[in-house]
Amino acid sequence: MFKVLDKVARTKPFSPSKISVINSCPLRYLLETEGYPSVSPPSSIYALTGTAIHKIIEDNLSNPSISGADIKKQFLGAIDRLALNNKRAPLICWVYEKFGLGGTLTSEKVISSVQQIKRLLDKYGKDKSLERSDTKLPSQKYEFSSLGSEKWFEVTKLELAGKIDLSYLDDEGVIHVIDFKSGKVIDEEGLPKEEYLLQIGVYGLMVEDSTSYSNLLLELIGSHTSWSGLLDEPLRGRVVDLITHAKNILPLGKEIDAYEISMTGEHCLSCRSRFACGKYVNALKDRAYGEESTICSPSDVIGVVKKTSTRGDLIDLIVSPIGGITCSIMGLPQILYPEFKEGDLIAGYFLGILDIEIRCNFPANFYVIRDEAPRKSSFESMVALVDARSK
Ligand code: SF4
């Protein structure tokens, strides 16, 4: 059952990879970082691929001459482990078991992932943090031992903690602070994406504090693009302002009304935790009654079950949005979903839309699993009963 959260609190140091979310919506930050059991959307195939790429790079940093064939073998093995028995990715698991690798990933994606890993190992192979003895720097003055691959950094006074993909000191005495991304790191204007820039800036502050050394080069490495730059004064200022704002708005350990700190806007369309946000769920209900909405995603629907039917191992639902026109939600694996019955109030989030040409109008026909084209399934989708008390 979907439940919206009423009260929330920050119980952990800030996560550098998420902290910029606070600028658009503090509630979203908490929903994405606090690990509430009822707020855990399924993983996407992109997230799984990214995890596999990270793991293989980490495992092979000291073996950079590994062949492409061996990388591919490791990559497929990692996908196999991540896709099977993964409670966080039940739909990927279901499709993978039924259709195999081809049901989830194209061969082009496999090849481009292997090429990305190869490129990164060629560039960053050998754990560079082990090479610092070559440098003439008075290393006893600094804490270079904290550098390396996948090292955890925590800076108590800044209330920050997180793992950095790679940090090392080069022969010129520069500490490289590196974050690997599985997608693009540059926006349409050729600039580093805002959230990535702030994240790598936060990493820079953490490394600087932990090593007492400030000659840093920040690097964002994406699948086909990269960016590098300094923790210069403008970036430092923005990062410090962000941390100060974050501390003010989400004080550690203080219980806060979720409704009050939720900030709606177009960014709600990409919010992965929107099903647990009272303001969003109310807007979705209002849209079902015919109100215009700029924040609700066309991939979400809320309504009453009119009819259920089965098709092999899949369930199809006919749903009537409250006050709206009937639509269908196709392809729910029986083994993963409860038996919905007529009259149940349900919601679907992150659904696939069959009627692409009417993407922004309702009604629409939605899908979860596309059994005739499993790779197009909506692996992140969720369908469940709605807590009737949520409005
Ligand atoms: S749906 Fe919008 S308002 Fe609600 S948590 Fe997400 S970003 Fe914030």
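For clarity, every value in this text was computed on a predicted model and none was experimentally measured.

**Student:** When you look at the overall build of the chain in this model, what are you seeing that I'm missing?
**Tutor:** Within the chain, the secondary structure is distributed over 10 helices and 14 strands. Summarising its shape, the C-alpha atoms of the chain cover approximately 75 × 50 × 35 Å along the three principal directions. Taken across its 391 residues, the chain has 53% of its residues classed as buried. When the accessible surface of the chain is split by element, carbon and sulfur atoms take 51% of a total near 18500 Å². Side-chain charges of the chain comprise 47 positive and 52 negative groups, with the mean position of each set lying 3 Å from the other.

**Student:** Hey, could you run me through the site of the ligand in this one?
**Tutor:** As a structural note, the neighbourhood of the ligand is formed by Cys-25, Leu-27, Arg-28, Ser-262, Met-263, Thr-264, His-267, Cys-268, Cys-271, Arg-274, Cys-277 and Tyr-280. At a threshold of 2 Å from the grid points, most atoms of the ligand map onto the largest cavity. A breakdown of the residues in the shell around the ligand according to their chemical character gives 7 nonpolar, 3 polar and 2 charged.

**Student:** What am I meant to see in the sheet that holds strand 10 (residues 327-333) here?
**Tutor:** Hydrogen bonds along the backbone pair up the strands of a sheet, which may run parallel or antiparallel. The sheet built from 7 strands is open, its strands ordered 12-13-10-9-8-11-14 with mixed pairing. In the strand order of this sheet, the two ends are held by strand 12 (352-353) and strand 14 (382-385), each with one partner. Note that strand 11 (residues 345-349) and strand 14 share 4 bridges and pair antiparallel. The residue of strand 14 that forms the bridge with Ile-346 is Leu-385.

**Student:** Help me understand the pairing of strand 11, please; the structure alone is not making it clear to me.
**Tutor:** A regular strand places its side chains so that they alternate between the two faces of the sheet. With 4 of its 5 residues buried, strand 11 lies for the most part within the structure. Here strand 8 (residues 301-311) runs beside strand 11; their pairing, made up of 4 bridges, is antiparallel. Pairing of Val-304 across the sheet is with Leu-345, part of strand 11.

**Student:** Before we go on, may I ask you to explain the domain arrangement of the chain in this structure?
**Tutor:** Interface size is commonly expressed as the accessible area that is lost once the parts come together. As far as domains go, the chain holds domain 1 (45-124), domain 2 (128-248) and domain 3 (266-390). If you average the C-alpha positions of domain 1 and of domain 2, the two centres end up 26 Å apart. Contact residues are listed per partner, giving 11 residues for domain 1 and 14 residues for domain 2. Approximately 1100 Å² of surface area, both sides summed, lies buried where domain 1 meets domain 2, with 56% of it carried by carbon and sulfur atoms. Per-residue buried area on domain 1 facing domain 2 is highest for His-54, Gln-116 and Tyr-124; these three make up 50% of the total on that side. Linking domain 1 to domain 2 there are 0 salt bridges. Taken together, domain 1 and domain 2 are joined by 5 residue pairs in polar contact (both at pLDDT 80 or more). For the side of domain 1 that touches domain 2, the secondary-structure elements that each account for two or more residues are helix 3 (45-60) and helix 6 (107-124).

**Student:** Got a minute to help me understand the pattern of salt bridges in this structure?
**Tutor:** A side chain with one charge may pair with a side chain of the opposite charge, provided their charged atoms come close. Scanning the model with the defined rule gives 19 salt bridges in all. A salt bridge links Lys-98 to Asp-313; the nearest nitrogen and oxygen atoms lie 3.1 Å apart. Note that Lys-98 is positioned in helix 5 (residues 90-99) and Asp-313 in the loop between strand 8 and strand 9 (314-321), a separation of 215 residues in sequence. The partner of Arg-238 in a salt bridge is Glu-194, and the shortest N-O contact between them spans 2.1 Å. Taken together, the residues Arg-238 in helix 8 (residues 233-249) and Glu-194 in helix 7 (residues 194-211) connect sequence positions 44 residues apart. A network of salt bridges, in which partner residues are shared, links Lys-18, Arg-28 and Glu-32.

About the thresholds
Residues numbered from 1 in each chain as written. Predicted model: local features only at pLDDT ≥ 70, side-chain atom pairs only at ≥ 80, totals over all residues. Heavy atoms only, no water. Helix = DSSP H or I, 4+ residues; strand = E, 2+ residues; numbered from the N terminus. Buried < 20%, exposed > 50% of the residue type's maximum accessible area, 1.4 Å probe, protein only. Areas by Shrake-Rupley, 256 points an atom, 1.4 Å probe, with all protein chains shown as cover. Lys, Arg positive; Asp, Glu negative; His and termini not counted. Charge placed at Lys NZ, Arg CZ, Asp CG, Glu CD. Near = heavy atom within 4 Å. 1 Å grid on protein atoms, 1.4 Å probe; cavity = no way out; pocket = protein on both sides within 12 Å on 5 of 7 lines; lining within 4 Å. Sits in = over half its atoms within 2 Å of the grid points. Nonpolar A, V, L, I, M, F, W, Y, C, P; charged D, E, K, R; others polar. Pairing = 2+ DSSP bridges. Domains from an automatic or database assignment. Contact = heavy atoms within 4.5 Å. Buried area = accessible area lost by both parts, 1.4 Å probe. Salt bridge = Lys/Arg side-chain N within 4 Å of Asp/Glu carboxyl O. Polar contact = N/O pair within 3.5 Å; in protein donor to acceptor, adjacent residues only side chain to side chain.

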